[in-house]
Number of protein chains: 2
Amino acid sequence: MPAGESLFPADQAAFTSGERLMHDMVRPAEEAAQLLEQYCDRLPEMLNWLSQFGKDPEGGVTRLLYSVSWLEAQEALRQWMEQEGLEADFDQTGNLAGRLRGTDPSLPAVAAGSHIDTVVNGGRYDGALGVAAAALALSYLSKVYGPPKRTLIALSLCEEEGSRFPVTYWGSGSIAGLRSWEADGHHADMDGIALLDAAKRCGFGPDSSYNAPFLELQAYIELHIEQGFVLEKTGLQAGIVSAIVGQYRYEIQLQGEANHAGTTPMQWRKDAMAAAGRMIALTREAALREGDPLVATVGSLHASPGLSNVVAGSVVFTVDIRHPDDAVLQRFADELLQRFAHMADTEGVRFAAVERLRAAAVPMHDRIMRELERICRKRGLASRVMPSGAGHDAQMLSAICPTGMIFVPSRHGISHNPGEYTEPEALKNGFKILADVLYQFGYGSVDL
Amino acid sequence: MPAGESLFPADQAAFTSGERLMHDMVRPAEEAAQLLEQYCDRLPEMLNWLSQFGKDPEGGVTRLLYSVSWLEAQEALRQWMEQEGLEADFDQTGNLAGRLRGTDPSLPAVAAGSHIDTVVNGGRYDGALGVAAAALALSYLSKVYGPPKRTLIALSLCEEEGSRFPVTYWGSGSIAGLRSWEADGHHADMDGIALLDAAKRCGFGPDSSYNAPFLELQAYIELHIEQGFVLEKTGLQAGIVSAIVGQYRYEIQLQGEANHAGTTPMQWRKDAMAAAGRMIALTREAALREGDPLVATVGSLHASPGLSNVVAGSVVFTVDIRHPDDAVLQRFADELLQRFAHMADTEGVRFAAVERLRAAAVPMHDRIMRELERICRKRGLASRVMPSGAGHDAQMLSAICPTGMIFVPSRHGISHNPGEYTEPEALKNGFKILADVLYQFGYGSVDL
Ligand SMILES: [Zn+2]
Ligand SMILES: [Zn+2]
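A few points on the structure.

Definitions and cut-offs
Residues numbered from 1 in each chain as written. Chains lettered and ligands numbered in written order. Predicted model: local features only at pLDDT ≥ 70, side-chain atom pairs only at ≥ 80, totals over all residues. Heavy atoms only, no water. Salt bridge = Lys/Arg side-chain N within 4 Å of Asp/Glu carboxyl O. Helix = DSSP H or I, 4+ residues; strand = E, 2+ residues; numbered from the N terminus. Buried < 20%, exposed > 50% of the residue type's maximum accessible area, 1.4 Å probe, protein only. Contact = heavy atoms within 4.5 Å. Buried area = accessible area lost by both parts, 1.4 Å probe. Polar contact = N/O pair within 3.5 Å; in protein donor to acceptor, adjacent residues only side chain to side chain. Nonpolar A, V, L, I, M, F, W, Y, C, P; charged D, E, K, R; others polar. Donors = N, O, S within 2.8 Å, 3.2 Å for Na, K, Ca; no water. Axes fitted to C-alpha atoms, helices over the stretch in contact; angles between N-to-C directions.

### Quick look at the pattern of salt bridges
- In total, this model carries 44 salt bridges over all chains according to the counting rule given.
- R374(A) is the salt-bridge partner of E371(A), the closest N and O atoms lying 2.5 Å from each other. With a gap of 3 residues between them, E371(A) and R374(A) both fall in helix α10 (residues 366-379), about one helical turn apart.
- Take E371(A): its relative accessible area is 2%, and that puts it in the buried class.
- Judged by its relative accessible area of 15%, R374(A) is buried.
- Note that E347(B) and R278(B) form a salt bridge whose closest N and O atoms lie 2.8 Å from each other.

### A few points about the interface of chain A and chain B
- Across the boundary between the two partners, chain A contributes 52 residues, which contact 53 residues of chain B.
- With both sides pooled, the region where chain A packs onto chain B buries about 4500 Å², and carbon together with sulfur makes up 61% of that total.
- Three residues stand out in chain A for area buried against chain B, namely M266(A), R284(A) and S308(A), and they jointly supply 17% of the buried area on that side.
- On the surface where chain A and chain B come into contact, there are 2 salt bridges.
- Among the salt bridges present, the one from E347(A) reaches R284(B), with a minimum N-O distance of 2.9 Å.
- Between chain A and chain B we count 14 residue pairs in polar contact (both at pLDDT 80 or more) in total.
- If you list the elements that add at least two residues to the side of chain A that touches chain B, you get α7 (230-234), β8 (259-260), α8 (272-290), β9 (295-297), β10 (301-304), β11 (310-311) and β12 (314-323) of chain A.
- When residues of the side of chain A that touches chain B are assigned to their parent elements, the largest contribution, 9 residues, is made by α8(A).
- Within the side of chain A that touches chain B, the residues separate by chemical class into 23 nonpolar, 18 polar and 11 charged.

### Quick word on the coordination of the zinc ion (ligand 1)
Residues and elements named next belong to chain A.
- Looking at the zinc ion (ligand 1), one finds its protein donor set to be H115 (NE2), D126 (OD) and H224 (NE2), positioned 2.0 to 2.2 Å from the metal centre.
- Read in sequence order, the donor residues for the zinc ion (ligand 1) give the motif H-x10-D-x97-H. With H115 in strand β3 (residues 109-115) and D126 in the loop between β3 and α3 (128-145), the pair connects residues that are 11 residues apart, well separated along the chain.
- For H115, a relative accessible area of 0% corresponds to the buried category.
- Judged by relative accessible area, which is 5%, D126 ranks as buried.

### Things to note about the side chain of S114(A)
- In this fold, S114(A) is placed in strand β3.
- In this view, S114(A) contacts G127(A), G130(A), V131(A), L155(A), S156(A), L157(A), Y220(A), E222(A), L223(A), H224(A) and D393(A); residues no more than four positions away in its chain are not counted.

### Description of the packing of helix α1 (residues 30-51) of chain A against helix α2 (residues 68-83) of chain A
All names here are of chain A.
- At a minimum axis distance of 11 Å, the contact between α1 and α2 shows a crossing angle of 145 degrees. On the side of α1, the interface is formed by R42, M46, W49 and L50, while α2 contributes A76, L77 and W80.
- Within the contact of α1 with α2, the residues separate by chemical class into 6 nonpolar, no polar and 1 charged.

Laid out in structure tokens, this is it:
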């Protein structure tokens, strides 16, 4: 917007029940405030309702892409959106968009949302929170303020986790043009069913009557649980994501010599496990020395022959390194691998590092971050700017529009597990921040 | 024998083809020497013949206890022994003893031998060498010297490896009274067949007509491949075993906290893998510092959940520690576990060390070692006294009589593998040492 213009529309009164709205929704009209609290209460209920789709007998939720429970959840959401006055439709991939039509068709839309799929026996918050909160926020805004200037969209993205097919971010990636039927449709699930065929069985696919998954967006905002325990440990109510970390993953292959554990003197061994042990210890040591927010993890290791009485002839382990700054990530990874190679050398073990994943860091949009910070301040919510160590749909959509993310605390950082939990109060905080920022986009005039 | 008496019988001439034997067999009668070379040549042939029983299509040998190939091998050996003039019979467990009857029934017998069973896809030397060499040696001695004073026995022990049933040293342990049908007969193989039932199917077992596995022995001598590469690397022809090492095996259990590899800052992790890495590195470091002959090995490790993007919540790994001196072994193990516990503490990980194996070191008999050294010197064979890092039947039989072991080089130290190989020349060296020491027991008068 031109410098000097207000972030807020001149005439908000038209959308309210008669009383003029206060700036920033810090003190909305009494009725709006009451309605906001009602919507806040509806959020945990809606998450509970959503968790019934794909409910596991043991208490978790399993909604795999293009499964019956997934389809039922998306269809139920579509009906819910229509009941709330949104124009709801699917795209070819099964992404669901609920539109609150704006009055100025020349302005590109702003979307909020997250994903509806889960991991196997996952929790009820990961993904679902961002979907439910976005849908409720649009319903709330329309009830209080009527139609926005620019179209607002609640997105229930079809797939993020990659739990059924080896394709992560299928929904958001399709919208961003980073995934396609041509490139990804052939990927098969554990039963050998291709993604494309599974989509067709649900009525989706490139030959269906649905639109191709393209949205022209002004911005995308995602509310998500932290999936970590930084907010919990630091006693904060919200995280404003600065970047989704870059992530390098290597498979480290060590080839030594399998020898008898009793008859082979120590100095003549080529012990792949001993070499691995030094590298694993170094990984943690170096990451601690580098300091936050760098994280480096060896989570998986396989030794061969893997017998207690045989010196390991070969060991394969993974190293996962993440940092929100690609330059730091690159330097750290290079140095670590160099020191690994040197250690392998001194242990007489052959060394190879195979790159298995290389995802650049995805910074969130600065203006959106600042807006989210401002909203938190105004709402009296203790927040911090922090990187997201996990991947999210926002990192795909950031390829086509400015994006922002809001984190709310995850109890004990537990995620992808039935034990996933976020306090109702924390859910409400997240909802208010999301509603506030969508208000600014839809009814104010945030300039990006 | 009373002090001052000669090691050698006064009248050896009776056993020779007329010429008086030289002391120590250093220069036996010309015919005896020719015959010895002939028997030396028969040894590789006999090993080749034995390797046909249970020959694997891929080149190795698989003779599991009480299998058809195992039974055929033992029965063929029994017939071979009888053809060579030995009194051959089985005991209840399937141990085969070929006796060269001594002239003085008041003297306890001396046995030599090893085991006839193999690991799955094992080699043709482990065990078989000691069996074949003992049988050939008795045949040779009887041909050259006639009946000995004391009975000499070639033992083809039924089982050492524990490859089919979870019972190691079943054959020698039964003789030594350390294994029994009562205690071990119920152990089942992978198909659920009990050891006792498998024995019965072969005609063995406590109700069979065979004798109980008890032998009153004056001594037991075992010729075996080294199963390591110390002799090869040091260019020596024979090893004289000082002790079978004591062996402690622990399962180390580390319980940390499984967390998201992206969202969990380094300083808040309880990373079981990082703790394990430090312990594995320490194990090698401490063993190197302690020095030969101590060896310590981490050969097996399992991490849970074992995913590249999850901090390992728990890790279980094994530590195998061996040393010929129990006091050193105990001190080293205690110190290592103490330092492990401390490391676990600093990593915030719970620690448990479960003892899985605790075998005391078994020293070989000093007088037999000295006799073997003397024989090597006289034969001009470069030898060294060394511990055996691997277990052998001798460690069971040492519970009932003085024992000695002779090692010959294993190419590249390879064992329990079709690649197991020992040069014919090395086999012959071992055979001569064994024949010499059996001569001393049978026809001389080695005092133990
Ligand atoms: Zn998610
Ligand atoms: Zn053996």
